[in-house]
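# Architecture and fold: a report
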Amino acid sequence: MRRPRLIPDDTRIPFFRYRWIAFVWSLVVLLGTIAMVATTGLNLGIDFKGGVLVEVRTQGPADLALMRSTLGGIGLGEVALQTAGSDDQVMIRAKAPEGDEVAQRAAVELIKRALDEQLGGGLSYQRAEFVGPRVSRELLINSVWAVLISLLGVLLYLWFRFEWQYGVGAIASLIHDVSASIGIYVVTGIEFNLTSVAALLTIVGYSLNDTVVIYDRVRENLRRYKAMPIEQLLDLSINETLPRTMMTGLTTLVALVPLWLFGGEVIRGFTIIMIWGVIIGTYSTIYIATPILYYLNLRASADKTQPASPQPAG
């Protein structure tokens with residue numbers, strides 16, 4: 001008896017027919033992101049703006065909620081807390097205070113005094129330092145380079161493994177995914193920090209994985225169906241890999257949604273962006289990376305490079 005499947009193996013969804021709707025929507029998202037970043041800007045975290053950094057060790061597992069509420073009311077503005085390697089070691093980041101080194105030391109003392117009063121002492125302060133504008137600017141520049149180098153690596157990898165058309169299609173899809181994810185940061189006001197860069201690179205990897213699977217099927221079908229129109233062949237390739245694409249996305253969401261709901265404030269921003277990345281990555285693989293092959297004359301290039309093969313029976 002055949003087992004029921006969430007996505008049947010023999011779907012015939014005409015994805016290619018709706019490509020222009022998807023293109024227009026994606027263009028609106030891209031232009032909207034550019035406009036919002038230019039006008040509103042990202043909510044840059046302390047990593048990219050500079051600030052005070054204090055590392056503290058507690059006698060037992062740290063109560064991050066209590067510490068966060070305590071430091072939120074001392075007048076330093078945004079204060080970020082996260083565990084650093086163990087449950088009793090906490091990294092505290094606060095916005096850079098206005099003034100010179102004296103003001104910075106005063107901010108550190110204010111943090112220590114507030115924690116000692118609320119938690120009753122027993123805290124061990126491992127280090128206290130100031131992240132200046134120059135260091136934060138270097139972190140931002142290095143983060144941008146990390147994303148750009150990853151995109152370049154994708155282009156070269158797909159160029160050598162497939163054809164240049166596949167590399168261009170994948171890069172267009174990844175640029176779309178990164179832009180749409182940055183747009184979510186602007187709309188929601190989620191803090192953009194080094195963890196956000198990790199989220200973007202993870203989205204790039206996830207989307208690329210889906211794209212390579214469909215591209216591999218496109219290449220196989222180009223060899224198998226010599227006379228099939230390219231529009232029909234691309235639709236066939238997407239439908240043949242659709243069960244795998246959807247199950248991969250749903251399995252990832254099964255892990256991410258509980259983290260979003262119960263993982264706490266520290267990783268909530270990361271999981272929100274990852275959930276969005278799974279959805280937008282699946283969409284861009286189907287409606288950006290694959291249809292763009294049609295406009296890059298993939299069929300003509302394949303006919304020039306592939307040897308003749310017999311038509312399949314039937």
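So, a few notes on the structure that sits alongside this text.

Parameters and conventions
Every chain's residues receive numbers from 1 upward, in the order its sequence appears when written. Thresholds applied to this predicted model are a pLDDT of at least 70 for local features of residues and 80 or more for the giving and counting of side-chain atom pairs; totals over whole chains, interfaces and linings are not thresholded and use all residues. Excluding hydrogens and water, the side-chain values take into account all heavy atoms of the structure. Strands are runs of DSSP state E lasting at least two residues, helices are runs of H or I lasting at least four, and both sets are numbered from the N terminus onward. In this scheme, a residue with accessible area under 20% of its type's maximum is buried, one over 50% is exposed, and one in between is partly exposed, where area comes from a 1.4 Å probe on protein chains only. We call two residues in contact whenever any of their non-hydrogen atoms come within 4.5 Å of each other. Only the protein chains shown count as cover for residues, with accessible areas throughout obtained via the Shrake-Rupley method and a probe of 1.4 Å. By definition, two strands form a pair when at least two bridges between them are found by DSSP. Helix axes use the C-alpha atoms of the stretch in contact, all axes being lines fitted to C-alpha atoms, and the angles between their N-to-C directions lie in the range 0 to 180 degrees. Every angle not falling under 35 degrees, over 145, or within 65 to 115 is termed oblique; those three ranges are roughly parallel, roughly antiparallel and roughly perpendicular. Crossings are assigned a handedness: left-handed for a near helix turned anticlockwise from the far helix by less than a right angle, right-handed for a clockwise turn. A helix's residues, less one, multiplied by 1.5 Å, set its expected span. One axis fitted to the seven residues ending at a residue, another fitted to the seven starting there: the angle between these axes is the bend at that residue. Side-chain classes follow a simple rule in which Ala, Val, Leu, Ile, Met, Phe, Trp, Tyr, Cys and Pro form the nonpolar group, Asp, Glu, Lys and Arg form the charged group, and the remainder, Gly included, forms the polar group. Residues scored as positive are Lys and Arg, those scored as negative are Asp and Glu, and His as well as the terminal groups of each chain are ignored. Just to be clear on terms, a salt bridge is a Lys or Arg side-chain nitrogen sitting within 4 Å of an Asp or Glu carboxyl oxygen. Definition of a polar contact: a pair of N or O atoms within 3.5 Å, with one able to donate and the other able to accept a hydrogen when the atoms are protein atoms, and with sequence-neighbouring residues admitted only if both atoms are side-chain atoms. The definitions used throughout rest on a 1 Å grid laid over the protein atoms alone, on which a cavity is an enclosed set of points accommodating a 1.4 Å probe that cannot get out and a pocket is an open set flanked by protein within 12 Å on both sides along at least five of seven lines; lining residues are those having an atom within 4 Å of a point. Grid points are joined across faces, edges and corners, and a volume is the space filled by probe spheres set on the points. The criterion for an aromatic pair is that two Phe, Tyr or Trp rings (for Trp, the six-membered ring) have centres within 6.5 Å, with stacked assigned to planes under 30 degrees apart, edge-to-face to planes over 60 apart and tilted to the rest. For a Lys NZ or an Arg CZ to count as sitting over a ring, it must be within 6 Å of the ring centre and within 35 degrees of the ring normal.

The next thing to look at is the overall build of the chain. Helix and strand content of the chain: eleven helices and four strands. The buried share of the chain, reckoned over its 314 residues, is 43%. Counting only contacts in the chain whose residues sit at least 6 apart along the sequence, the fraction spanning at least 24 positions is 78%. Looking at the chain as shown, the accessible area adds up to about 16,500 Å², and 62% of this sits on carbon and sulfur atoms.

Here strand 1 (residues 51-57) lies mainly inside the structure; six of its seven residues are buried. Summarising the sheet, strand 1 and strand 3 (residues 89-95) pair through seven bridges and their orientation is antiparallel. By the bridge assignment for strand 3, arginine 57 is matched with glutamine 89.

Moving on, we come to the packing of helix 1 (residues 19-39) against helix 6 (residues 164-188). In the contact formed by helix 1 and helix 6, the axes pass within 9 Å of each other and the chain directions differ by 50 degrees. With respect to helix 6, the element helix 1 is oriented oblique. The hand of the helix 1/helix 6 crossing is left-handed. Contacts from Ser26, Val29, Leu30, Thr33, Met36 and Val37 of helix 1 reach helix 6 at His176, Ser179, Ala180, Ile182, Gly183, Val186 and Val187.

Looking now at the environment of arginine 57. Along the polypeptide, arginine 57 turns up in strand 1. A relative accessible area of 30% means that arginine 57 is categorised as partly exposed. Excluding residues that lie within four positions of it along the chain, arginine 57 makes contacts with Ser86, Asp88, Gln89, Gly122, Leu123, Ser124 and Gln126.

Okay, helix 8 (residues 230-262) next. In this model helix 8 runs 46 Å from its N-terminal to its C-terminal C-alpha over 33 residues, within 8% of the 48 Å that 1.5 Å per residue would give. By the largest-angle criterion, leucine 242 marks the main kink of helix 8, which is about 50 degrees, and a proline, proline 243, follows within four residues. With its phi angle positive at about 95 degrees, glycine 264 sits one or two positions after the end of helix 8.

Geometry of a packed helix pair, given as the angle between the helix axes and the separation of the axes. The N-to-C vectors of helix 6 and helix 7 (residues 194-224) enclose an angle of 150 degrees; their axes lie 9 Å apart at closest approach. Classed by the angle they form, the pair helix 6 and helix 7 counts as roughly antiparallel. As helix 6 packs across helix 7, the resulting crossing turns out to be right-handed. Residues Tyr166, Gly169, Ala170, Ser173, Leu174, Asp177, Val178, Ser181, Ile182 and Tyr185 of helix 6 pack against Ser196, Ala199, Leu200, Ile203, Val204, Ser207, Leu208, Thr211, Tyr215, Val218, Arg219 and Leu222 of helix 7. Here the residues of the contact of helix 6 with helix 7 are counted per class, giving 14 nonpolar, six polar and two charged.

This paragraph deals with the side chain of aspartate 235. Summarising the element assignment, aspartate 235 is placed in helix 8. Here aspartate 235 is buried and forms no salt bridge, its nearest opposite-charge partner arginine 17 lying at an N-O distance of 7.0 Å. Once you skip the residues sitting within four places of it in the chain, aspartate 235 turns out to touch Ile13, Pro14, Phe15 and Phe16.

Now for the side chain of glutamine 89. If you trace the backbone, glutamine 89 turns up in strand 3. There is a polar contact of 2.8 Å between the side chain of glutamine 89 and the side chain of arginine 57.

Moving on, we come to the layout of surface pockets. A volume near 350 Å³ is recorded for the second largest pocket. Around the second largest pocket, the lining comprises 19 residues; the ones closest to its centre are Val144, Val147, Val178, Ile182 and Leu200. Broken down by secondary-structure element, the contributors of at least two residues to the lining of the second largest pocket are helix 1, helix 5 (133-161), helix 6 and helix 7. Take the lining of the second largest pocket: its biggest share by element is six residues, from helix 5. Among the residues forming the lining of the second largest pocket, the class breakdown is 16 nonpolar, three polar and no charged.

Taken as a whole, this structure holds nine aromatic pairs when the rule is applied. Judged by centre distance (4.9 Å) and plane angle (70 degrees), the ring pair of tyrosine 166 and tyrosine 215 falls under edge-to-face. With tyrosine 166 in helix 6 and tyrosine 215 in helix 7, the pair connects residues that are 49 residues apart, well separated along the chain. The same class applies to tyrosine 166 and to tyrosine 215, which are both buried. Here the guanidinium or amino end of arginine 19 rests over the ring plane of tyrosine 294, the centre of that ring lying 5.8 Å away. Here the basic side chain of lysine 112 rests over the ring of tyrosine 125, its NZ or CZ set 5.2 Å away from the ring centre.

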